[in-house]
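# Commentary on secondary and tertiary structure
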Amino acid sequence: MTVSDATNSDATMLSTLLDARYSCRAFLSKQVPREDIERMLRMAQRTPSWCNSQPWQVHVTSGDATDRLRAATYEQAASGLLDPDIAGPVEYRGEYAERRRNAGYALYNALSIARDDYPERTRQMLENYRFFGAPHVAIVTTDKQLGTYGAVDCGGYVATLLLAAQALGIAAVPQAAVAMTATALRNELNISDERDIVCAISFGYADESHPANTCRTDRAELGDVVRWVED
């Protein structure tokens, strides 16, 4: 195999993983073997970071620990008392609002939830805090003192972890919503106040029969996001 052949093969493999990955929103209860979880985490550890600071620390749950955390985050979210360490967007405007809206409608359509059925939409939203039934969840945190750069590096880590999971046949979903229940997460996982909770990644094996897992989102064209600067 030539260098060119190897490069094309690697690019094709990466493209296949990217195209196949989706946010799983219904999981089987089957546990992922510990060796597969560790392999996924080792792969994600190769994520590049600012000055190689590697700011991420990850709490990974299994078994009863997942169920306790599930109950705690759901209880806090259902009460309406959300307290994220990192503030969410001030406002979605223009194309960002449109993409967000379209993503929501795609999920509701897959689940046959009418746009004006607000009680059912709320019920589905709260499934975030049940981790969509996943047997495992990874809570990603960063050192507060690293500020925005630490959070950006954790974003890279999350992207790498999702691809590693896909490569291993593990379904996953990144969840900013779960980070909104910081009190529950801190109480259950003993997370230091010196760390900001960035997000959760629920993972396991997909329930392929569930309609939520038929939902797919599109991506903007290059012309919408790239500006070429030449000569």
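Please read all numbers here as calculations on a predicted model, not as lab measurements.

### Quick look at the overall build of the chain
If you tally the helices and strands in the chain, you get eight helices and four strands. Ordered by position in the sequence, the α and β elements of the chain form the string α-α-β-α-α-α-β-α-β-α-β-α. For the chain, whose C-alpha radius of gyration is 19 Å, the value lies close to the compact-globule estimate of 17 Å for 231 residues. Judged by the C-alpha coordinates and their principal axes, the chain covers about 55 × 40 × 40 Å. Considering the chain as a whole, with its 231 residues, one finds that 35% of them fall into the buried category. Counting contacts in the chain only where the partners sit at least 6 residues apart, residues at least 24 apart contribute 85% of the total. Of the roughly 13,900 Å² of accessible surface on the chain, a fraction of 51% belongs to carbon and sulfur atoms.

### What about the sheet that holds strand 2 (residues 136-143)?
On the basis of which strands lie adjacent, the open sheet formed by four strands has the order 1-2-4-3 and antiparallel pairing. Bordering the open sheet on either side are strand 1 (57-61) and strand 3 (171-175), each of which pairs with just one other strand. Averaged over all pairs of adjacent strands, the angle between strand axes in this sheet comes to 20°, irrespective of strand direction. Examined bridge by bridge, strand 1 and strand 2 share five bridges and lie antiparallel to one another. Note on strand 2: the bridge partner recorded for Val-60 is Ala-138. Along the sheet face, helix 6 (residues 147-167) touches strand 1, strand 2, strand 3 and strand 4 (195-204) and points at about 155° away from the line of strand 2. The sheet contacts of helix 7 (residues 182-189) involve strand 1, strand 2 and strand 4, and relative to strand 4 the element is tilted by about 80°.

### Describing the packing of helix 2 (residues 34-44) against helix 6
Put simply, helix 2 and helix 6 touch, their axes get as near as 8 Å, and they point 140° apart. Taken together, helix 2 and helix 6 sit at an angle that is classed as oblique. Considering how the two elements wind past one another, helix 2 and helix 6 form a crossing that is right-handed. Residues Met-40, Leu-41, Met-43 and Ala-44 of helix 2 touch helix 6, and the partners they reach there are Tyr-157, Thr-160, Leu-161, Ala-164, Ala-165 and Ala-167. Of the residues that constitute the contact of helix 2 with helix 6, the class distribution is nine nonpolar, one polar and no charged.

### Concerning the pattern of salt bridges
Summed over the entire model, instances satisfying the criterion amount to nine salt bridges. Note that Glu-38 is salt-bridged to Arg-42, the shortest N-O span being 3.9 Å. Of the two residues, Glu-38 and Arg-42 are both situated in helix 2; the distance of four residues between them amounts to about one turn of the helix. Arg-42 gets classed as exposed once you look at its relative accessible area, which sits at 54%. In the salt-bridge network here, residues are joined through shared partners; they are Glu-120, Arg-123, Glu-127 and Arg-130.

### Points about the packing of helix 3 (residues 63-79) against helix 7
Packing of helix 3 against helix 7 brings their axes to within 8 Å, and their N-to-C directions diverge by 155°. The orientation of helix 3 relative to helix 7 falls into the category roughly antiparallel. Between helix 3 and helix 7 the crossing geometry is right-handed. For the pair helix 3 and helix 7, the contacting residues are Arg-68, Leu-69, Ala-72, Thr-73 and Gln-76 in the first and Ala-182, Thr-183, Ala-184, Leu-185, Glu-188 and Leu-189 in the second.

### Remarks on the side chain of Asn-128
Along the chain, Asn-128 turns up in the loop between helix 5 (118-126) and strand 2. A polar contact of 2.9 Å, which involves the side chain of Asn-128, links it to the backbone oxygen of Met-125. The residues contacting Asn-128, other than those within four sequence positions of it, are Gln-175, Ala-177 and Val-178.

Calculation notes
Residues numbered from 1 in each chain as written. Predicted model: local features only at pLDDT ≥ 70, side-chain atom pairs only at ≥ 80, totals over all residues. Heavy atoms only, no water. Helix = DSSP H or I, 4+ residues; strand = E, 2+ residues; numbered from the N terminus. Rg over C-alpha atoms; globule rule 2.2 N^0.38 Å. Buried < 20%, exposed > 50% of the residue type's maximum accessible area, 1.4 Å probe, protein only. Contact = heavy atoms within 4.5 Å. Areas by Shrake-Rupley, 256 points an atom, 1.4 Å probe, with all protein chains shown as cover. Pairing = 2+ DSSP bridges. Axes fitted to C-alpha atoms, helices over the stretch in contact; angles between N-to-C directions. Parallel < 35°, antiparallel > 145°, perpendicular 65-115°, else oblique. Left-handed = near helix turned anticlockwise from the far one by under 90°. Nonpolar A, V, L, I, M, F, W, Y, C, P; charged D, E, K, R; others polar. Salt bridge = Lys/Arg side-chain N within 4 Å of Asp/Glu carboxyl O. Polar contact = N/O pair within 3.5 Å; in protein donor to acceptor, adjacent residues only side chain to side chain.

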